Amino acid sequence: MQQTIAPPTSTRPRPQPPRTNPMPPEGEGGFSQSWFPVALSTDLAEGQVLGVPFLDGKIVVFRKEGGVPQAMSAYCPHIGADLSVGRVVGHRVQCAFHHWEYDGEGVCVKTGIGDPPPKAACLFVFPTQERFGIIWVFNGEEPLFELPSLPYPDAELASGAYRMGEPLRCDPWVFAANTPDMQHLKVVHKIRFDADDPHELVRWHPHGMEFSYTGVHQGDVPIANTAGILGTSVFYRWGMYNGYWRCNVTGFSLPRPGQHEVFSCSLVRAGPDAQAQLADVLGISRRTVGEDKDILNTIHYRQGLLTKADTTLARFLRYLRSYPRAHPSGPFIN
Ligand code: FES
Ligand SMILES: [Fe+2]
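Rules used throughout
Residues numbered from 1 in each chain as written. Chains lettered and ligands numbered in written order. Predicted model: local features only at pLDDT ≥ 70, side-chain atom pairs only at ≥ 80, totals over all residues. Core = buried A, V, L, I, M, F, W, Y, C linked by C-beta atoms within 7 Å. Buried ≥ 20, exposed ≤ 12 C-beta atoms within 10 Å, placed from the backbone. Domains from an automatic or database assignment. Contact = placed C-beta atoms within 7 Å. Helix = DSSP H or I, 4+ residues; strand = E, 2+ residues; numbered from the N terminus. Expected span 1.5 Å × (residues − 1). Bend = angle between axes of the 7 residues up to and from the residue. Pairing = 2+ DSSP bridges. Nonpolar A, V, L, I, M, F, W, Y, C, P; charged D, E, K, R; others polar. Axes fitted to C-alpha atoms, helices over the stretch in contact; angles between N-to-C directions.

(A) Spatial organisation of the nonpolar core. Ranked by internal contacts, the top residues of the largest apolar core, which has 64 residues, are V38, F54, I59, V60, V61 and V137. Residues lining this core come from more than one domain, with at least three contributed by each of domain 1 (32-138) and domain 2 (154-325). Setting aside residues up to four positions removed in sequence, V61 forms contacts with V38, A39, L44, L50, V52, P69, Q70, A71 and I135.

Set out below in structure tokens:
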């Protein structure tokens, strides 16, 4: 007799293919118009030309007059030599191949042989600034926002800047999306908020978000912080941690799509115990990145099945989707 197979009686929900609403990767429609760290201040000596991968191309950074850093496209408009193997002469970059020289505005002002430089012999010049012990470069012709200004003047602060180890295998915005991800703040980093879910505390602006909260970190450390994201690649947090004022300003670089490196500056109030405080902040920062690392290195980020606890994250993902992208330096840095 033939055996009949009973239909399944389980009420367990059947898995559905994921509702894939992929987040646009960097490089699609250009790159985020944001400030990106490219080097520590200490990486760039006066007289040095530093070559740095950026936006899937290459830039050079050097210190022009007064020691002010300037980032420009790396490839010489003559016949394409890489200026990072050139040298600084006076306050100009000299190409190694035929000794054309570019001033701080990226304009060729001299050729090695004495021919007048062609008028169009100009490099792409990026808005560049040195702040928090880090050299930052903006993807665009004009910056859309400023780096955070802190509640204390620099003279009252002690600081230390560092790179956070190996590059991570995801776009910078993926790390930036950790800040509005309240579920992860609770379960990965063990933050207990005094407010149940602090979504209503978030202040949004055209180039980022910020919220202030009180609570407890890692079980017993009282915290009262303001944290925010600027653009898609700058994170900051400051406030009281275990009775001390502390701050981190962190940037996520963008050498190429799907990869970034974390640059961070810790700041504390100047004073006799500042160095011990800085060492402690560095330890906490390393532990925090360590908590995120495996997740960030393997995630296939998509907007999937979000819950009420993801209210702020959902809005941040919308913000990311509409965040301006461009790639005006593309023809120069490739
Ligand atoms: S390629 Fe740079 S001067 Fe000729
Ligand atoms: Fe995190």
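(B) Up close: helix α3 (residues 274-298). Taking 1.5 Å per residue, 25 residues should reach 36 Å; α3 reaches 36 Å between its end C-alpha atoms and fits that length. Approximately 40 degrees is the largest bend angle found in α3, and it occurs at D292.

(C) Looking closely at the sheet that holds strand β6 (residues 87-89). Read across the sheet, four strands follow the order β6-β7-β8-β9 without closing on themselves; strand pairing throughout is antiparallel. Strand pairing shows two members of the sheet lacking a second neighbour, β6 and β9 (108-110), which therefore form its edges. The pairing of strand β7 (residues 92-94) with strand β8 (residues 101-102) spans two bridges and is classified as antiparallel. In the strand pairing of β8, V93 is matched with Y102.

(D) Broad picture of the domain arrangement of the protein. We note that the domain assignment places domain 1 (32-138) and domain 2 (154-325) within the protein. Relative to domain 2, the C-alpha centre of domain 1 lies at a distance of 31 Å. In terms of residue count, strand β2 (residues 35-40) provides more of the side of domain 1 that touches domain 2 than any other element does, five residues in total. When grouped by side-chain class, the residues that make up the side of domain 1 that touches domain 2 number 11 nonpolar, five polar and one charged.

(E) Representation of the sheet that holds β2 in the model. Spatially, β2-β12-β11 is the arrangement adopted by the three strands of the open sheet, whose pairing is antiparallel. Edge positions in the open sheet fall to β2 and β11 (128-131), since each of these has one partner strand only. Recorded for the sheet is a direction-independent mean angle of 30 degrees between the axes of neighbouring strands.

(F) Broad picture of unusual backbone geometry. In this structure, F132 is a non-glycine residue whose phi angle is positive, near 60 degrees. Positionally, F132 belongs in the loop between β11 and β12 (134-138). Residue F132 is classed as buried on the basis of its C-beta count, with 29 C-beta atoms lying within 10 Å.

(G) Quick peek at the pairing of β11. Two elements, β11 and β12, share four bridges in a ladder whose sense is antiparallel. In the sheet register, E130 faces β12, and the bridge partner there is I135. Here β11 folds back onto β12, and the loop between the two strands holds two residues, one of which, F132, carries a positive phi near 60 degrees.

(H) Here's a closer look at the environment of W35. Position of W35 relative to the elements: it lies in strand β2. Owing to 27 C-beta atoms within 10 Å, W35 belongs among the buried residues under this scheme. Remark: the alpha-carbon pair of W35 and L147, spanning 112 residues in sequence, is separated by 7.8 Å. If near-sequence neighbours (up to four positions away) are discounted, W35 is found in contact with W136, F138, P143, L147, G231, S233, V234 and G251.

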